[in-house]
Amino acid sequence: MKTSNKKDRILGICSVLLSAWIIYITSSLDFPTSKGDPGPKLFPYIGAGLILVCGIILLIKPGKDGKTFLTKSQWKSAALIFGVYLLFVLLLWLVGFMIAVPIMLFILTLMFQAQSRPEDPVKKRVIRSLIYAIIAGALIYVAYVIGLQAKLPTGLLFKLFK
């Protein structure tokens, strides 16, 4: 068995096991729902189903050998994006949704623009990212708070000042 085929099969097995674990955990939770309402279990089931399908595909037809998975610069970019997501979790805990989401959207948009539009001046990319972060953050807030009436995290700092 070639190296990448082995990696794909291991990833396929891990994906199938992860989806089974998600389905098991979600099934064991008890949420009150009204008749006809799928409730909060729907999205974990959908996610687990997608992971399961991808895992089965990797088991049935693993990729071909010979290509490098990620280059060194791509690993750095992936680590940087992962770091931004960790920062997002920290900001959600510390300052809450209303501040964390626009900050994360700004940082990610600025990072992606640096890759997709390197010829644009930095000032233009910053302004475009700032406008996008504010508008998208406001739309996400309206969708969740007004549309779905969800309770969003307020953050530790705001709880301390109450």
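None of the values given here were measured: they were computed from a predicted structure. (Residues numbered from 1 in each chain as written. Predicted model: local features only at pLDDT ≥ 70, side-chain atom pairs only at ≥ 80, totals over all residues. Heavy atoms only, no water.)

1. Concerning the overall build of the chain
- When you go through the chain residue by residue, the secondary structure sums to 6 helices and 0 strands.
- Counting from the amino terminus, helix and strand elements in the chain follow one another as α-α-α-α-α-α.
- Buried positions account for 22% of the 162 residues belonging to the chain.
- Look at the contacts in the chain between residues 6 or more apart in sequence, and 60% of them connect residues 24 or more apart.
- Split by element, the accessible area of the chain, about 12300 Å² in all, is 72% carbon and sulfur. (Helix = DSSP H or I, 4+ residues; strand = E, 2+ residues; numbered from the N terminus. Buried < 20%, exposed > 50% of the residue type's maximum accessible area, 1.4 Å probe, protein only. Contact = heavy atoms within 4.5 Å. Areas by Shrake-Rupley, 256 points an atom, 1.4 Å probe, with all protein chains shown as cover.)

2. Side note on the confidence of the model for the chain
- Per-residue confidence for the chain averages 82 on the pLDDT scale, and 88% of its residues sit at or above 70.
- Ranking the helices and strands of the chain by mean pLDDT puts helix α2 (residues 42–60) first, with 89, and helix α6 (residues 156–160) last, with 74. (pLDDT = per-residue confidence, 0-100.)

3. As for the pattern of salt bridges
- Evaluated as defined, the whole model comprises 2 salt bridges.
- Between R117 and D120 there is a salt bridge, with the nearest N and O atoms lying 3.7 Å from each other.
- One salt bridge connects D120 with R128, and the closest N-O pair in it is separated by 3.2 Å.
- Residue D120 is classed as buried on the basis of its relative accessible area of 12%.
- Take R128: its relative accessible area is 26%, and that puts it in the partly exposed class. (Salt bridge = Lys/Arg side-chain N within 4 Å of Asp/Glu carboxyl O.)

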